[in-house]
Amino acid sequence: MLERPSRDNPRARPRRASYVRMSIAALALVFSFLLGIAFARTLDERPEDGRAVTSVRTLTPLPQESPTPTVTVTVTGP
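The structure displayed is predicted, hence computed values, not measured ones.

Draft legend 1. Spatial organisation of the overall build of the protein chain. In terms of helices and strands, the protein chain carries 1 helix and 0 strands. With 78 residues in all, the protein chain has 0% of them scored as buried. Surface exposure of the protein chain reaches about 9300 Å², of which carbon and sulfur atoms provide 59%.

Okay, here's the thing in C-alpha cells:
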C-alpha cells in the first residue's frame, strides 16, 4: 500500500536546486540594481560645461580680380 515516489514526477525536484536558482536570481537583481546606481552617479558627477562663449569677428572681403576672358574656338574638319 505504500508506494515509492516516482522519479518521473516533475514536482519531485530537489529543494537544493530551487534555493540555488533563487539565490542566483536574487544576486542578479542586486547586481543590476547596484550597476544602475553606479551609472546614475557617474552621470551626476561628470564635469559641467562652462558658460557659452560667443565670439564675433568681422571678416574683410578679399580683393577681387576681373575674370579672365574666355574664347570659343570652333574647328571644322577637312
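Draft legend 2. Summary view of helix H1 (residues 15-44). In this model H1 runs 44 Å from its N-terminal to its C-terminal C-alpha over 30 residues, within 8% of the 44 Å that 1.5 Å per residue would give. Across the 30 residues that make up H1, only a small minority, 0, are buried.

Draft legend 3. Fine view of the pattern of salt bridges. According to the stated counting rule, one finds 1 salt bridge in the structure shown. Its salt-bridge partner being Glu-45, residue Arg-41 comes within 3.5 Å of it at the nearest N-O pair. Grouping residues by exposure puts Arg-41 and Glu-45 together as exposed.

Draft legend 4. Quick look at a nonpolar patch on the surface. Together, Val-30, Phe-33, Leu-34 and Ile-37 give the surface a local cluster of nonpolar side chains, amounting to about 390 Å² of exposed area. With respect to the helices, strands and loops of the structure, Leu-34 is situated in helix H1.

Draft legend 5. Structural context of the environment of Ser-32. By secondary structure assignment, the location of Ser-32 is in helix H1. A distance of 2.9 Å separates the side chain of Ser-32 from the backbone oxygen of Leu-29, its partner in a polar contact.

About the cut-offs
- Residues numbered from 1 in each chain as written.
- Predicted model: local features only at pLDDT ≥ 70, side-chain atom pairs only at ≥ 80, totals over all residues.
- Heavy atoms only, no water.
- Helix = DSSP H or I, 4+ residues; strand = E, 2+ residues; numbered from the N terminus.
- Buried < 20%, exposed > 50% of the residue type's maximum accessible area, 1.4 Å probe, protein only.
- Areas by Shrake-Rupley, 256 points an atom, 1.4 Å probe, with all protein chains shown as cover.
- Expected span 1.5 Å × (residues − 1).
- Salt bridge = Lys/Arg side-chain N within 4 Å of Asp/Glu carboxyl O.
- Patch = residues over 30% accessible without salt bridge, like charges linked within 9 Å, V, L, I, M, F, W, Y side chains within 5 Å.
- Polar contact = N/O pair within 3.5 Å; in protein donor to acceptor, adjacent residues only side chain to side chain.

Taken by themselves, the reported measurements are silent on function.
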